[in-house]
Amino acid sequence: NGQQWLPLTLGERNYSRFPSSDFYSSLGLEDVLSVGDTSGAEEDTDSAILYGTLRGSVVGLRYYTGIVNNNEMVALQREPNNPYDKNAVKVNNVNGDQVGHIKKELAAALAGIMDNKLALIEGVVPYGAKNAFTMPVQMSFWGREENKEAVLDQLKKHGFKLAPPLKEWGFGSKWISGRAGPSYSAPVHAAVQLTTEQLKSEFDKLFEDLKEDDKSCEMEGAEALGTLLLPHQKQALAWMVSRENSNDLPPFWEERNDFYYNILTNFAEKQQPKNVLGGILADDMGLGKTLTTIALILTNFQDGKPLPVEKITSDKCYEDQFEQHIHQDFHVNIYVYYGSDRSKDPSVLSEQDIVLTTYNILATDYGVRGDSPLHKVKWLRIVLDEGHTIRNPNAQQTKAALNLEGHRRWILTGTPIQNSVKDLWALISFLKLKPFTDREWWQRTIQRPVTMGAPGGLGRLQSLIRSITLRRTKTSKVKGKPVLELPERKVLIQYVTLTEEERQIYQSVKKEGKAAISRFFSEGTVLAHYADVLGVLLRLRQLCCHPRLCINTSSSNNKTPEELRETLVNKMKLVLSSGSDEECAVCLESLTHPVITRCAHVFCKPCIFEVIRSEQPNAKCPLCRNELRVEQLVECPLEEEIDSNNGKKSDQEWISSSKINALMHALIELRRDNPTAKCLVVSQFTTFLSLIENPLKESGFAFTRLDGSMAQKKRVEAIQCFQSSQAGSPTVMLLSLKAGGVGLNLTAASRVFLMDPAWNPAAEDQCFDRCHRLGQKHNVVITKFIVKDSVEENMLKIQNKKRKLAAGAFATKKPSASEAKQTKINEIKALIDL
DNA sequence: ACCGCCGGGTGCC
DNA sequence: ACCGCCGGGTGCC
């Protein structure tokens, strides 16, 4: 359509390259040994205390353009390469413009403190407005308790001494102008920290009482949408459109006699700061965020006008909207970008109305070389679907998303705050909301005041969130009526008893595994052998499903390099093909380009390279502290190979298993009672799904299949086919647990058979929500098959513990390394009955 | 006077 | 900078 600007939509959705398992992440391994901290720069600022304050001077003002108001916050930045003084410390204003330097005698004292990260030094300029050559700066020193002495010593060596903390000091702007002058009278304990419970309940209030305010207007979607919106979706649309077209000031800015003031930092500028022409749509899963966003794109495409296209056929389908529409005949240009095509002229992307891609493609494309076509286009609109996945600011994905260019920026997420205020920063930063894009200002103006319980801290956070976020839960009401009225959902546990023969195999493998694991325990090397432990547990889980799933992996003694390599590749395949979302323990995101270490731990290639680079020459595995060498890393073979290796070994005669029998019994009974009822048969093991195909055929079930290895076209076909209500359409879908991402809509199903429990209960819940969501007409019954007296039963127990933990764990501090380790060890013990 | 004092030149790191 | 510091000019009362 010759549009110059385009929306870009990002999401995990159905493109996830690697089907996955939650091994490490679900066991919480990422918390162990402080992994994920490769940069070393991610100071744990939440536990910082205020050492004291010091008055100093900023000099050289006349050489720089940056200006500062009274009581304005400034940033201190080391400048080790300054040709005149290696101790130089720059002073920048909130905008990042240099204001001057710290006077050299003081800089000499600060340099060591800053370089060794002994303390965070924050400045406020009490009288900044009219200074021509120098200005005073009040500095606060923050750091961990154990560094306090070192900092005081270092200062003393240079003849400086900290004054006791001033009340309100750390939060900057509260400093009253007028000649109050610092009062040194009242040393303050770092303000009282809120308890977890307090913090949680305060956060919950964030989204409460969204009264009938501006967020309750409704707006019809453009005709091209071809689908009617529900009332709450019309509200969301109206809100989104008004945000995109608004000329309001961003939160915390005021206009004061021809200047725009930021009331948190006291920064002022002549030019009106840009508001975010976007925000966070944080509705609960299943309320139709994606549909609403499509409506936004079509209705408010550019310059407040709809996209000039012909009507889109309506099929009342709330999910996979983008994908489904791709295959329909209408005139929105949608392009699915699969990445890696560097030669591609960005103009190919520019010619589209909508480009769809995934975080992994975005990150890989961006990470390898800086010339991804995605980053050469100025986008009209950027939408991050499942936007909470960018919460780790160090991850490639986050950086790649942040650096996309485009003014209207949206985040769609059902869980805007997963753990703590910290999570929010990545989101806010993506939105490019001034001045929070810079971590320091977020930290000083929002995060610290909140976590330290400063008066007004939560209020700030609330007004920030409210001004950029719309959130409704499933129980929210629109005009007195619940937003969603979902049919009932029941979860049944169906215990399965193994046959004598199956039990024998199970017990022998268990005995062997248990012996190995207890040896690891007595040697204290459980974590070093983590891959082996997981291997044992995996084999047991597989044996609960079907004896044939259990591939024999010989134990690893005295191998040739070739054999070793093969073993590693097999292990990695094991991990990657076991059906869920493996995460990299460094970036805590989905694996971008998996490689396996000699010690059999799997990471993103760029992540582990960075670890090795930064820890040279003696890099250690973040998970087990074994030696790491680049040349020993083994890359993952392509996904196709994984699957073909895994799936088609069925020359052998087919045999059933207790679990398959139980499933078939239930399916046949269900068909007898209700021949048109549709169901999902879910497993983490795609090989298991393949084995189930056999009896389905024999018993005359029409079925379809969806797993992570399928090409995009085939997936869409499978979904459409299953969702169809035509006579003869499949009544069973074989589904791999994590196939498809949260957007997947399988509301045709009203029964779910979960063949094997997942480590992470959230993964199961997400899977259930694929049919128990908007559009579901029937009550949903979920059956979990659990083998009696097995690792599966133990997994259930751990799941329950995790559920309880998750319910009360909001905003808790990460457990310490040793606590996490202990939890993990206990879990392993519980799983294998030790 | 190898001082003090004066007043002009000058100025971040 | 209406400062401090530098270094040249200068020198009883």
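Residues numbered from 1 in each chain as written. Chains lettered and ligands numbered in written order. Predicted model: local features only at pLDDT ≥ 70, side-chain atom pairs only at ≥ 80, totals over all residues. Heavy atoms only, no water.

Peer 1: I would appreciate a short explanation of the sheet that holds strand S21 (residues 602–604) in the present structure.
Peer 2: The strand order S21-S20-S22 describes an open sheet built from three strands, whose pairing is antiparallel. Because the sheet does not close on itself, it has two edges, and the strands there are S21 and strand S22 (634–635). Sheet analysis places strand S20 (residues 594–596) next to S22, joined by two bridges and oriented antiparallel. The partner of Val-595 across the bridge, within S22, is Glu-635. (Pairing = 2+ DSSP bridges. Helix = DSSP H or I, 4+ residues; strand = E, 2+ residues; numbered from the N terminus.)

Peer 1: Quick question: what am I supposed to make of unusual backbone geometry here?
Peer 2: Among all residues save glycine, negative phi is the norm, and among peptide bonds the norm is trans. Backbone torsion omega between Lys-434 and Pro-435 reads -5 degrees, so that peptide bond is classified as cis. Among the structural elements, Pro-435 can be located in the loop between helix H11 (421–431) and helix H12 (439–451). If you check the backbone angles, Lys-117 has positive phi at about 50 degrees while not being a glycine. Its place among the elements puts Lys-117 in the loop between helix H2 (104–115) and strand S6 (120–125). Of note in the backbone geometry, Phe-252 takes a positive phi value of approximately 75 degrees without being a glycine.

Peer 1: What is the right way to read the environment of Thr-747 from this model?
Peer 2: Mapped onto the fold, Thr-747 is located in the loop between strand S25 (732–736) and strand S26 (749–754). What makes Thr-747 buried here is its relative accessible area of 12%. Placed 24 residues apart in sequence, Thr-747 and Cys-771 show a C-alpha to C-alpha distance of 4.1 Å. When sequence neighbours within four positions are dropped, the list of residues in contact with Thr-747 reads Gln-723, Arg-770, Cys-771, Arg-773, Leu-774, Gly-775 and Gln-776. (Buried < 20%, exposed > 50% of the residue type's maximum accessible area, 1.4 Å probe, protein only. Contact = heavy atoms within 4.5 Å.)

Peer 1: What is the right way to read the pattern of salt bridges from this model?
Peer 2: As a working rule, side chains carrying opposite charge can pair if their charged atoms are close by. Scanning the model with the defined rule gives 28 salt bridges in all. Between Arg-672 and Asp-673 there is a salt bridge, with its nearest N and O atoms 3.6 Å apart. You can call Asp-673 exposed: its relative accessible area is 58%. Overlapping salt bridges, with partners in common, bring together Glu-122, Glu-440, Arg-444 and Arg-448 in one network. (Salt bridge = Lys/Arg side-chain N within 4 Å of Asp/Glu carboxyl O.)

Peer 1: Would you explain the pairing of strand S7 (residues 134–143) in this entry?
Peer 2: Across the ten residues of S7, eight count as buried, placing the element largely inside the fold. Pairing between strand S2 (residues 49–59) and S7: ten bridges, direction antiparallel. Its bridge partner being in S7, Ser-57 is matched across the sheet by Pro-136. Across five bridges, the pairing between S6 and S7 is antiparallel. Note on S7: the bridge partner recorded for Gly-123 is Met-139.

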